[in-house]
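Structural overview
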Amino acid sequence: MVPSMSAWIWRRTIQTLKTRLAPVKRNLCTCNGAPGAMCDAETIFALSSGHGRCGVAVVRVSGPASSTALRSMAGITHDLPPPRKALLRSITEPYSKEVLDRGLIIWFPGPHSFTGEDSAEFHVHGGPAVITAVLQALGSLPGMRPADAGEFTQRAFYAGKLGLTEVEGLGDLIHAETEAQRRQALRQMSGELGHLYQDWSHKLKRCLAHVEAFIDFSEDELIEDGVLNQVDRSVCDLQAEIERHLNDERRGERLRSGVQVVIAGATNAGKSSLLNTLCQRPAAIVSPIAGTTRDIVETSLDIGGFPILLSDTAGLRDSPDLVEREGVRRARERVEQADLTLVVVDATQLPPDAQQVPAYLQDQLRSVLPAKEHSGTEFPSERCLLVLNKTDLVPEEQMQELERELSRSPGLPPLCQISCQTNAGMQAFLAALHGSVKALCGDPLSGAPSLTQARHRAHLQQCIAALAQYQRYRDTDLALAAEGVRLSLTSLGRITGRVGAEEILDIIFKDFCIGK
């Protein structure tokens, strides 16, 4: 802030900002003296450890009646157990006192709990009958009801235990299927992404305070010269920083949802065989009849810790068959959407003269890849792998001569020679595939935290547009310029949940499982 500005001016300015940037208001209550928990007369409960038979199941309870549940079902007549200490107790039906199971109970008094409310956990044996009996017993207590999907995390958010980006990171961690996804989600859940956006919000609040103060008090000559110039520099620097964050080629989003890898090429090149070899099961029908694959065949794979969605497509050719033509159309559409295309070529169809092979391969690539992705002779190495299949049917001398010729032919994407029949060359191909996928996703642990959600991108783009409004009106209408800064701050707030996020909360929380 400007050092010479008197305290009363800043109090007035801050009051103006608070009025214009009022956050979403929630009704809060105090649970056993713990401020910040959601005011809800009902206490919620759910199975938090997942469904199905297991050794131990965890039933979670949160809300003002959590202590009642412990007293009623764990035979506690005096003081509650020490916080966060597991005790072995007989768990009984609250009215008949029939023993349901013998297990552990844990007491989490608010605000030092996941939700910020009084909470309890019952660790019981994981048989369906035991779990059902415990849940029915909890439901019989007054003021208790089953939790909605994501309601525990929703209460943690409203209690200030988690920011919105941390909530999304927790959701991603629950759904993570690969090591790289786990690392990215854990980093976001730890608050790194939220801290980055909060830092930008603080900078924007500072800029907005300066502009508002200039509007309100510049005529009184209480504002130092150069205040708006300082705002100009801050807005320009922040706009550049957000644009760099956006220009990440969707690495974080790609890692979160999976890399779209498409197998494409002419008929009978061995595309379906490659799909079956990679997923190690007969996912696609393989036959010597050209045009066997008509529709898209998809499977999810973990390639060295990175998730991919692998699609086998119809062979690309002109056909009088209406069904096959539709399959070819879908195949080309999927290639257009692909993050990485595996162009499969039948090695037995190569020209006998090795010098003609590079031109032949270029023709194959041009027939598969969209025209926007190549210049005709130069092909993108980061978005395409050239796979030469059926090498077991080609004499070794011919393959060696081919390798020598291709080493002198620039412009081709990385080439992998494989045989789906004998698995020859598969290790080298998997290494190349892993390298390409890793380059598309990046390292989730290095550099600045990645942009992981499409809604983050949309709000950041709105933030950039609002900052452009400040620059557009800065010299002509300072009130409209200030509104641009305010709108950019609101856009950031919609990411973190600090400003006007009410309409997006239900969408986020409903994706959680029951009990989380």
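These figures come from a predicted structure and were not determined experimentally.

Calculation criteria
Residues numbered from 1 in each chain as written. Predicted model: local features only at pLDDT ≥ 70, side-chain atom pairs only at ≥ 80, totals over all residues. Heavy atoms only, no water. Pairing = 2+ DSSP bridges. Helix = DSSP H or I, 4+ residues; strand = E, 2+ residues; numbered from the N terminus. Axes fitted to C-alpha atoms, helices over the stretch in contact; angles between N-to-C directions. Contact = heavy atoms within 4.5 Å. Parallel < 35°, antiparallel > 145°, perpendicular 65-115°, else oblique. Left-handed = near helix turned anticlockwise from the far one by under 90°. Buried < 20%, exposed > 50% of the residue type's maximum accessible area, 1.4 Å probe, protein only. Core = buried A, V, L, I, M, F, W, Y, C linked by side-chain atoms within 4.5 Å. Phe/Tyr/Trp six-rings, centres within 6.5 Å; stacked < 30°, edge-to-face > 60°. Lys NZ or Arg CZ within 6 Å of the ring centre and 35° of its normal.

**Brief notes about the pairing of strand E5 (residues 87-92)**
Inspection of the sheet shows E5 paired to strand E6 (residues 99-108) by six bridges, in the antiparallel sense. Pairing of Ser90 across the sheet is with Arg102, part of E6. Between E5 and E6, which pair antiparallel and follow one another directly, the connecting turn spans six residues, one of which, Lys97, has a positive phi of 65°.

**Section: the sheet that holds strand E9 (residues 259-265)**
The sheet built from six strands is open, its strands ordered E10-E11-E9-E12-E13-E14 with mixed pairing. Pairing within the sheet leaves two strands with one partner each, and these edge strands are strand E10 (297-303) and strand E14 (415-417). Within the sheet, the average angular offset between the axes of one strand and its neighbour, ignoring direction, is 25°. Pairing geometry for E9 and strand E11 (residues 306-312), over five bridges, is parallel. Note on E11: the bridge partner recorded for Val261 is Leu310. Sheet strands touched by helix H11 (residues 322-337): E9, E10, E11 and strand E12 (340-346). Its angle to E9, the strand with the most contacts, is close to 140°.

**Examining the sheet that holds E5**
Spatially, six strands are ordered E5-E6-E7-E4-E3-E8 in an open sheet, and the strand pairing comes out mixed. A strand with exactly one partner marks an edge of an open sheet, and here the two such strands are E5 and strand E8 (144-146). Each strand of the sheet is rotated relative to its neighbour by a mean of 30°, with strand direction disregarded. Judged from the three bridges that link them, strand E3 (residues 43-47) and E8 form a sheet pairing that is parallel. Bridging from a neighbouring strand, Ile44 pairs with Arg145 of E8. Across the face of the sheet, helix H2 (residues 66-73) comes into contact with E3, strand E4 (54-62), E5, E6, strand E7 (119-126) and E8 while running at roughly 40° to E7. Each of E3, E4, E6, E7 and E8 is contacted by helix H3 (residues 128-139), which is oriented at about 150° to E7, the strand it contacts most.

**Some thoughts on the packing of helix H8 (residues 227-246) against helix H15 (residues 454-473)**
In a pair of packed helices, the angle between the axes and the distance between the axes together describe the arrangement. As a packed pair, H8 and H15 sit with axes 10 Å apart at the nearest point and diverge in direction by 150°. When the axes of H8 and H15 are compared, the pair comes out roughly antiparallel. Seen along the crossing, H8 lies across H15 with a hand that is left-handed. Contacts from Leu228, Val231, Asp232, Val235, Cys236, Gln239, Ile242, Glu243, His245 and Leu246 in H8 reach Arg457, Leu460, Gln461, Cys463, Ile464, Leu467, Ala468, Tyr470 and Gln471 in H15.

**Quick word on the environment of His374**
Checked against the element boundaries, His374 lands in the loop between helix H12 (357-368) and strand E13 (384-389). With a relative accessible area of 16%, His374 lands in the buried category. The residues contacting His374, other than those within four sequence positions of it, are Arg366, Leu369, Phe379 and Pro380.

**Quick look at the nonpolar core**
By size, the foremost hydrophobic cluster in this structure holds 30 residues, and its most contacted members are Leu274, Ile308, Leu310, Leu342, Phe429, Leu433 and Val437. Counting residues per element, the ones that place at least two in this core are E9, helix H10 (271-279), E10, E11, E12, E13 and helix H14 (426-441). For this core, the element with the most residues is H14, which contributes six residues. Apart from the residues within four sequence positions on either side, Phe429 is in contact with Leu274, Leu278, Leu342, Leu385, Val387, Cys416 and Ile418.

**Quick look at the packing of aromatic side chains**
For the structure shown, the criterion picks out two aromatic pairs. Aromatic side chains Phe157 and Tyr158 sit 5.5 Å apart centroid to centroid with 55° between the ring planes, which places their arrangement in the tilted category. Considering the side-chain rings of Tyr197 and Trp200, the 5.5 Å spacing of their centres and the 45° angle between planes classify their relative orientation as tilted. A residue pair is termed a helical-turn pair when its members lie 3 or 4 positions apart in one helix, as Tyr197 and Trp200 do in helix H7 (residues 192-217) at three residues. When its relative accessible area of 1% is taken as the criterion, Trp200 is described as buried. Above the face of the Phe152 ring, Arg60 is positioned so that its terminal group lies 5.3 Å from the ring centre.

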